[in-house]
Amino acid sequence: MKIMVPVKQVAALDEDFEFRDDELDVDEDFLLYDLNEWDDFSLEEAMLIKEKAPEGTVEVVVVSVGPDRVDESLRKCLAKGADRAIRVWDDAMEGSDSITVGGILAAVAKKESPGMIFAGVQSSDAANGSTGIAVAAALGWPHAAVVAGLEYAPDANTAVARRELEGGTLQEVEVACPAVLTIQLGINKPRYASLRGIKQAAAKPIEEVSLGDLGLTPADVGAGVALSRVRRMYVPPKGRAAMIEGTPAEQAARIIEIIKEFKGE
Amino acid sequence: MKSGKKLSLSLNPSLKRLPHDMTAQALVSVALRSGDLYHATAVYEVADSVARVALDTILFEGRRDALTLARWEHTPAVVLQALVRLSDASVRQRVQRNLRTSGQTLAELYRTENSDALMTLIAQHRNTPAIVLESMAHESDSDEVLKAVAGNPSASATVLRILRARFPERFDAAIATHAAASPDLLEAVYETGNDYVRAAVVAHPACRRHLLTQAALSGNPLVLRQLAGNPRITAKLLARLARSRTLAVRRAVAGNAVLTPELVIALAGDESVGVRREIALRGDLPLSVLEKFARDDDHWVRQRAARNPATPVALLRELAGEENAEVRRAVARNPACPAELLEQLAHDDNGWVRAAVAYQPKAGAKLMKILATDHAVDVLSGVAANPRAPQALLRQLAQSGEADVRRGVILNPRASDTVLKSLLKDPYYLHRVLLVGNRTLKDEDKWPLLNDPDASVRFTAMRWFAGKVKAG
């Protein structure tokens, strides 16, 4: 049985940065790339199922859509124990929205035929929270979002997922399998890759998949077919924040006054 | 660290063995051969001018790397100084923010910068020399820059005096709380300041005594509270303030280091829990007060008595039987806790209490063996960090699946070379960073860490060897 884990290499920002000249994104020099935090948890969930099952019966396959630099994040997943890594890229994919990326990942799933797909709830940079669900929609599979607890045995017909809802409540749902689950932070404790794992991962191949391999054409992907596009990226004007002046005691007294004002006392 | 050039994950041949002649030149050669950004950063300080030119090609080849180094909290001052030579405003701005930037670099930047925003960064940097701050205090008209100067801990009394002469009262709040403020300046600030400023002045160690006497006449509770905490006030004044009807004032008296034994006893009977808790923290409590506190209604007062090394064993025994786990834990942490009580508390139902025993330097090998079978991570971490834990136990705990437990072993000053060597391949990079600085491990064992997949580990390892070359 196979568990497919779509992962994303996300970009983080320092406090100071510059935008590109076209004002559609941050200048690449200021971006720090790393594996999306949610994907650490979805990979770990897949690894826990694999390790609980008899050896060799569960295969964990990580998949990412992105250029060469994404290999670094895929190797991180391999170092943590994923069996295979697939990277899908074609320059035509540049500008694809999350729905299109979901469609690309679904095309990979059709080839790989996984028994389950574990995606992260969202990516920390784009924060659309839609890719995992888009995969389910493209495949016509059932899905459960924001999964904070999971009971699932390989090849079972159903899985029980505890979904995190508002106000600290959990909703327990039974999902028919195969299914797409989007995994929430805190569901488990992601492992660190061992040095041995890192060295072995360096020698493992990353399978590069093209559009053609997936039965897609440039016309199916990219900014041209995106249902949404970035018009502008900018830092909004500062709000009503003001520095409180004075000695520490004076500042504390002012903060108490403000709190009282807000409480209507 | 998320950025920087990748090092081949296969063992770099030049890093296989510790060089016989550990010289700056040898380390620079290793850095140049590896081409690693973090090796180059670490050896830059010990490299001569010719070698630095060669290292520059690794360090400043790409803007992305320069930006990363300018921001990184570990980048050595000498590399930051080299970075400002690049004509890149964003890099310079990051250097101005970096806490490791040296005074010399900041002084150079001051000579060339002219925007208020960048000047403010220099003005608030703790390494900015007083002479630069002096010049800013003289010349700047920017409120932001001047505020940053007044709040900079490196500002001298002269800087503060210039500010007050140019802008009377505008920066009084900052001056009143500044460690470098001189007695005359504080007096001037007190004369014109509001109650908040006056309160800060009377709390200042350089405040003149006659101002303390004058402040005692104030009716403002904040001024009196700050006065009550000042160890330079007279015993007579302290006694008067101890009778204040304001709880905050009495609590400040209770925390005053020069409290007389009579006042300690008097305040130990205070109706306010806040005052008693403050008194309970003192190290100079007489037996009568400890006995009283051991039976206080408030468990935090009892907890503090339980932690006090002067508390007699009979009282500790009583407190060890308490229902409140915080109190039992405090007994276990007490340096004077006898062996028999530690043994009793080692079997406590509460994991935090058992953890306190595990960390106790007085707990012997027998207790360590009992606690090493515990399931609670905090207990096992305590055993791992305890210098009295036998090496066999440490060897066992070094294999724990819990990072906190393994870290305990790494931090244990008695952990043997053999035990520590088994942790050199720990999956958690921070553990490998810690091992670089461990003095029990031999250099030949640390040398392969130069080839670590994590940039922070490679940097720390190369810094370790560069530091030895520099010291030699």
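1. Digging into the overall build of chain B
Okay, step 1: Scanning chain B for helices and strands turns up 34 helices and zero strands.
Okay, step 2: Against the compact-globule benchmark of 23 Å for 472 residues, chain B has a radius of gyration of 29 Å, which places it well outside the compact range.
Okay, step 3: Projected onto the principal axes, the alpha-carbon positions of chain B cover approximately 75 × 70 × 35 Å.
Okay, step 4: Here chain B holds 472 residues, and the buried ones make up 53% of them.
Okay, step 5: Across chain B, the fraction of contacts at a sequence separation of at least 24, relative to all contacts at a separation of at least 6, is 49%.
Okay, step 6: When the accessible surface of chain B is split by element, carbon and sulfur atoms take 52% of a total near 21,200 Å².

2. A closer look at helix α30 (residues 403-411) of chain B
Okay, step 1: Taken together, the buried positions of α30(B) are occupied by Val405(B), Arg406(B), Gly408(B), Val409(B) and Ile410(B).
Okay, step 2: Against α28 (377-385), α29 (391-397), α31 (417-421) and α32 (429-436) of chain B lie the buried residues of α30(B).

3. Description of the domain arrangement of chain B
All names here are of chain B.
Okay, step 1: Segmenting chain B into domains produces domain 1 (182-259) and domain 2 (275-337).
Okay, step 2: Relative placement of domain 1 and domain 2: their C-alpha centres are 31 Å apart.
Okay, step 3: Between domain 1 and domain 2, the residue contacts involve eight residues of the former and four residues of the latter.
Okay, step 4: Sorting the residues of domain 1 by area buried against domain 2 places Arg-251, Ala-254 and Leu-259 first, and these three jointly supply 66% of that buried surface.

4. Thoughts on the interface of chain A and chain B
Okay, step 1: Listed per partner, the contact involves 28 residues of chain A and 28 residues of chain B.
Okay, step 2: For the pair chain A and chain B, the summed buried area comes to about 2,500 Å², and 55% of that belongs to carbon and sulfur atoms.
Okay, step 3: Considering only the side of chain A, the residues that lose the most area to chain B are Asp29(A), Tyr192(A) and Leu195(A), jointly responsible for 23% of the buried surface there.
Okay, step 4: Linking chain A with chain B are eight salt bridges, by the criterion used here.
Okay, step 5: In this structure, Lys147(B) and Glu245(A) form a salt bridge, with 2.8 Å as the shortest nitrogen-oxygen distance.

5. Here we look at the nonpolar core
Generally speaking, nonpolar side chains in soluble globular proteins are found buried as a group.
Okay, step 1: Counting residues in each nonpolar core, the largest one holds 162 residues, and the members touching the most others are Leu83(B), Met136(B) and Leu227(B).
Okay, step 2: Take this core: its biggest share by element is nine residues, from helix α34 (residues 455-471) of chain B.
Okay, step 3: When residues of this core are sorted by domain, at least three fall in each of domain 1 (182-259) and domain 2 (275-337) of chain B.
Okay, step 4: Membership of the second largest hydrophobic core comes to 39 residues, among which are Phe41(A), Val60(A), Ala179(A) and Ala201(A).

6. Some points on the packing of helix α6 (residues 89-97) of chain B against helix α7 (residues 103-112) of chain B
When two helices pack together, their arrangement is given by the angle between their axes and by how far apart the axes lie.
All names here are of chain B.
Okay, step 1: Axis separation between α6 and α7 bottoms out at 10 Å; the angle between their running directions is 135°. In terms of orientation, α6 lies oblique with respect to α7. Crossing geometry of α6 relative to α7 is assigned as left-handed. Taking contact as the criterion, the partners of Arg-92, Val-95 and Gln-96 in α6 are, on α7, Thr-105, Leu-106, Leu-109 and Thr-112.
Okay, step 2: When grouped by side-chain class, the residues that make up the contact of α6 with α7 number three nonpolar, three polar and one charged.

7. Describing the packing of helix α19 (residues 261-268) of chain B against helix α20 (residues 273-280) of chain B
Residue and element names in this part refer to chain B.
Okay, step 1: Relative orientation of the contacting elements α19 and α20 amounts to 140°, with a least axis distance of 9 Å. In terms of their interaxial angle, α19 and α20 are classed as oblique. The crossing of α19 and α20 is left-handed. Contact residues: α19 offers Val-264, Leu-267 and Ala-268, while α20 offers Val-275, Arg-276 and Ile-279.
Okay, step 2: The class makeup of the residues in the contact of α19 with α20 is five nonpolar, no polar and one charged.

8. Description of the packing of aromatic side chains
When we look at a pair of aromatic rings, we describe it by the centre distance and by the angle of the planes.
Okay, step 1: Within this structure, the stated rule accounts for seven aromatic pairs over all chains.
Okay, step 2: Aromatic side chains Tyr38(B) and Trp72(B) sit 5.2 Å apart centroid to centroid with 80° between the ring planes, which places their arrangement in the edge-to-face category. A residue pair is termed long-range when its members are at least 10 positions apart, and Tyr38(B) in helix α2 (residues 37-43) and Trp72(B) in the loop between α4 (63-71) and α5 (77-83) qualify at 34 residues.
Okay, step 3: Site record: aromatic cluster; members linked through ring pairs are Tyr192(A), Tyr428(B) and Tyr429(B).

9. With respect to the confidence of the model for chain B
Okay, step 1: The share of residues in chain B with pLDDT of 70 or more is 96%, and the mean pLDDT across the chain is 94.
Okay, step 2: Low confidence marks residues 1-11 of chain B, where pLDDT is under 50. Its contacts with residues over four positions away, or in another chain, come to 37 contacts.

10. Considering the sheet that holds strand β6 (residues 116-120) of chain A
All names here are of chain A.
Okay, step 1: Strand order across the open sheet formed by nine strands is β9-β8-β7-β10-β6-β1-β4-β5-β11, with mixed pairing between neighbours. Two strands close off the open sheet at either side, each with one partner strand: β9 (170-176) and β11 (207-209). Strand after strand, the sheet turns through a mean of 40° between neighbouring axes, direction not considered.
Okay, step 2: In this sheet, β9 lies alongside strand β8 (residues 158-164) in antiparallel orientation, the contact comprising seven bridges. Bridge assignment links Thr-158 to a residue of β9, and that residue is Ala-176.
Okay, step 3: Contacts from helix α2 (residues 71-79) reach β4 (59-65) and β5 (84-88) within the one sheet, and its direction differs from that of β5 by about 165°.

11. Topic: the environment of Arg71(B)
Okay, step 1: Tracing the backbone shows Arg71(B) in helix α4.
Okay, step 2: Relative accessible area serves as the criterion here: at 33%, Arg71(B) is assigned to the partly exposed category.
Okay, step 3: The sequence separation of Arg71(B) and Gln93(B) amounts to 22 residues, and the corresponding C-alpha distance is 9.2 Å.
Okay, step 4: Arg71(B) has contacts with Asp14(A), Glu15(A), Arg94(B) and Asn98(B), leaving out every residue within four places of it along the chain.
Okay, step 5: For Arg71(B), the side chain forms a polar contact with the side chain of Asp14(A), separated by 3.2 Å.

12. Observations concerning the pattern of salt bridges
Oppositely charged side chains may form a pair once their charged atoms are brought near each other.
Okay, step 1: Per the stated rule, a full pass over the model turns up 56 salt bridges over all chains.
Okay, step 2: Put simply, Arg191(A) and Glu51(A) hold a salt bridge, and the shortest N to O gap is 2.5 Å. Separated by 140 residues along the polypeptide, Arg191(A) in the loop between β10 (180-183) and α5 (195-203) and Glu51(A) in helix α1 (residues 37-52) bring together distant segments of the chain.
Okay, step 3: Notably, a salt bridge pairs Asp374(B) with Arg354(B), separated by 2.7 Å at the nearest N-O pair. You can see Asp374(B) sitting in the loop between α27 (365-371) and α28 and its partner Arg354(B) sitting in helix α26 (residues 351-359), a full 20 residues away along the chain.
Okay, step 4: Judged by its relative accessible area of 15%, Asp374(B) is buried.

13. What to know about unusual backbone geometry
All names here are of chain A.
Okay, step 1: Of note, the bond from Cys-177 into Pro-178 is cis; its omega dihedral lies within 30 degrees of zero at 5°.
Okay, step 2: By the secondary structure assignment, Pro-178 is in the loop between β9 and β10.
Okay, step 3: Positive phi, close to 55°, is recorded for Val-146, a residue that is not glycine.
Okay, step 4: With respect to the element layout, Val-146 can be found in strand β7 (residues 143-151).
Okay, step 5: Of note in this structure, Asp-155 is not a glycine but carries a positive phi near 70°.
Okay, step 6: Mapped onto the elements, Asp-155 comes out in the loop between β7 and β8.

Rules and cut-offs
- What you see as residue numbers is a count from 1 along each chain, following the sequence as written.
- Here every chain gets a letter starting at A, and every ligand a number starting at 1, in the order they are written.
- Note on the predicted model: pLDDT of at least 70 is required for a residue's local features to be given, and 80 or more for side-chain atom pairs to be given and counted; whole-chain, interface and lining totals, by contrast, use all residues.
- To obtain the side-chain values, all non-hydrogen atoms of the structure were included, while hydrogens and water were left out.
- Put simply, DSSP marks the helices as runs of H or I at least four residues long and the strands as runs of E at least two long, and each gets a number from the N terminus on.
- We compute the radius of gyration from the C-alpha atoms alone; for a globule the expected value is 2.2 Å times N to the 0.38, where N is the number of residues.
- Working definition: with a 1.4 Å probe on protein chains only, accessible area under 20% of the residue-type maximum means buried, over 50% means exposed, and in between means partly exposed.
- The contact criterion used throughout is that any non-hydrogen atoms of two residues lie within 4.5 Å.
- Accessible surface is estimated by sampling points in the Shrake-Rupley manner with a 1.4 Å probe; for residues, cover comes only from the protein chains shown.
- Per the annotation, domain bounds derive from an automatic or database assignment of domains.
- When two components associate, each loses some accessible surface as probed by a 1.4 Å sphere; the sum of these losses over both components is called the buried area.
- Salt bridges are identified by distance alone: a Lys or Arg side-chain nitrogen within 4 Å of an Asp or Glu carboxyl oxygen.
- The definition of a nonpolar core used throughout is a set of buried Ala, Val, Leu, Ile, Met, Phe, Trp, Tyr and Cys residues joined through side-chain atoms within 4.5 Å.
- Structural elements are reduced to axes, namely lines fitted to C-alpha atoms, with helices fitted over the stretch in contact, and the angle between N-to-C directions of any two is expressed from 0 to 180 degrees.
- Angle categories: roughly parallel below 35 degrees, roughly antiparallel above 145, roughly perpendicular from 65 to 115, and oblique for all the rest.
- If you view the pair so one helix is near and one far, a crossing is left-handed when the near helix is turned anticlockwise from the far one by less than a right angle, and right-handed when it is turned clockwise.
- Just so you know the grouping, Ala, Val, Leu, Ile, Met, Phe, Trp, Tyr, Cys and Pro go in nonpolar, Asp, Glu, Lys and Arg go in charged, and all remaining residues, Gly too, go in polar.
- Each aromatic pair joins two rings of Phe, Tyr and Trp (for Trp, the six-membered one) with centres within 6.5 Å, and gets the label stacked for planes under 30 degrees apart, edge-to-face for over 60, and tilted for any other angle.
- Here pLDDT means the predictor's own confidence in every residue, given as a number from 0 to 100.
- Strand pairing is defined by DSSP finding a minimum of two bridges between the two strands.
- Side-chain atoms alone can form a polar contact between residues adjacent in sequence; in general such a contact is a pair of N or O atoms within 3.5 Å, and within protein one must be able to donate a hydrogen while the other accepts it.

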